[in-house]
Each structure stands twice: as structure tokens, then as C-alpha cells.
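Examination of the molecular architecture
Each chain, written out:
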Amino acid sequence: MTSRNTLLVILVAVYIGAELVSNITAGRLVQFGAFIFPGAIFLYSLTFTLRDAIHTAGGWTIAKAALWGGLFANALLAGYGVLINALPKPDFFQDSAYQVVFGSTLRVVAASLVAYLISTALDALIFERLKSRGVATQVIASNAVSTTLDTVIFITIAFAGTGAPLLNLMLGQIVLKMLISMLLIPLVRWVRTQVAPSPVPA
């Protein structure tokens, strides 16, 4: 296996893992000052730039494959969680924690999958269209669109009409996601150096 392929495997594995852990921890809310965030906010924010790193290492084809892989992994987690919660349990086993973690409503699951698909597709498309620009431009432009859309779509579908403070939830998440994405620009730069073709000896 070449070093490029090794790097790709590691990046995709970390990306899928981050997606799944984010879905599991999203239900635990945290508060900083006036802003409320899902517990997944820090790890999930990494996934936007991880996708850019995968795109840099593997190109457009691998970026699209990672998109679908992440979608299917998220759907598998949600679907299998529903199945496990529906199966009978022994009398001595307390499953309340599992019911909380894997008991997301259909509305929340649908919101997550729709937001993921739309935001990730646009992120990959914008990143690809700007491949002649610098890494910072690619990451900032693609993530500015994808983080905003992901947040707005998810919160609107999941919480509209519930009385939740939608604007508060959206603004804090968008700002924090972008800050974390920008901090990870050096990761994408490093990946680019690792996959850049070696100069041909004179």
C-alpha cells in the first residue's frame, strides 16, 4: 500500500468515526454563556475539514465516495439503534441509557441525514471548483457554505415549532464550526504536501 493510500485510509476511518461518535453524543447539550450547543459540536466541526483533507488526498472521486460512506454509516447507526431498542430484553437488564442514546425521533434522524447530504455535497463541489486556488480559500469558502447549510437545515427540520431558540442554536454553532474549520487549515496543507508528486530528477 502506498503512503497516499495509507493516508487516505486513516483519514476516511477517522472521518467516519467522528461522524458516528458525533451522532451518539449530539443529544447531550452543553452551554457556554448564552449559547447552547449539542455535545457533538467540537468533534462534528472537525468533519468538515477532514472531508477537505480526504478530497485533497484522494480527489473528487474519493470525496464523493466518502460522502456516501458517511451517509450510509449514519443511517446504519440510526437504523440499528432503532432495531436494538425494539428487541425484547431480559428482565434484569436496564436499558434506559440505550433508549436515551439511540431513541432519537424520526424527525431528528431525518434532519440529520438531509442536512448531512446537502451540506456535504456542496462542500465537496465548492472545494473541487476552487482547486486552483490556495488551501485556505478552498477550506474557508467550502466550509462557510457547508457549515451554515448543515446548521440551518438540521435545526429547522429538527426543532421548528418546538419552541426551541432556533436563532441562538444556529448562530453559536455556525461561528464555532467555522472557527474549528479554520484552525484545521494546516492539516489540509500538510495532506497536500504528502500527496504532491515528487519532482522529476533532471
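Our subject is the structure listed above.
In this report, the structure presented in the accompanying data block is examined.

What counts, and where the lines are drawn
Residues numbered from 1 in each chain as written. Predicted model: local features only at pLDDT ≥ 70, side-chain atom pairs only at ≥ 80, totals over all residues. Heavy atoms only, no water. Helix = DSSP H or I, 4+ residues; strand = E, 2+ residues; numbered from the N terminus. Expected span 1.5 Å × (residues − 1). Bend = angle between axes of the 7 residues up to and from the residue. Contact = heavy atoms within 4.5 Å. Buried < 20%, exposed > 50% of the residue type's maximum accessible area, 1.4 Å probe, protein only. Core = buried A, V, L, I, M, F, W, Y, C linked by side-chain atoms within 4.5 Å.

**Concerning helix α5 (residues 135-159)**
- For α5, spanning 25 residues, the distance from its first C-alpha to its last is 35 Å, which sits close to the expected 36 Å at 1.5 Å a residue.
- Approximately 25° is the largest bend angle found in α5, and it occurs at Asn143.
- Where the residues of α5 are buried, they touch α2 (41-86), α4 (106-129), α6 (166-183) and α7 (185-195).

**Considering the environment of Val188**
- With respect to the helices, strands and loops of the structure, Val188 is situated in helix α7.
- In this structure Val188 comes out as buried when scored by relative accessible area, which is 0%.
- When the C-alpha positions of Val188 and Ile157 are compared, they lie 32 Å apart, and in sequence the two are 31 residues distant.
- Setting aside chain neighbours within four positions, we find Val188 in contact with Thr49, Asp52, Ala53, Thr56, Phe127, Val135 and Val139.

**What to know about the nonpolar core**
- In terms of nonpolar packing, the biggest core is built from 22 residues, with Leu11, Tyr15, Ile54, Val139, Val188 and Val191 touching the most fellow members.
- Of all elements in the fold, only α1 (3-25), α2, α4, α5 and α7 reach the threshold of two or more residues within this core.
- Not counting residues up to four positions away in its chain, the partners in contact with Val139 are Thr49, Asp52, Phe127, Ala144, Ser181, Ile185 and Val188.
- Within the second largest apolar cluster, 5 residues are counted, among which are Val30, Ile41, Leu176 and Ile180.

Treat this as a map of the structure, not an account of what it does.
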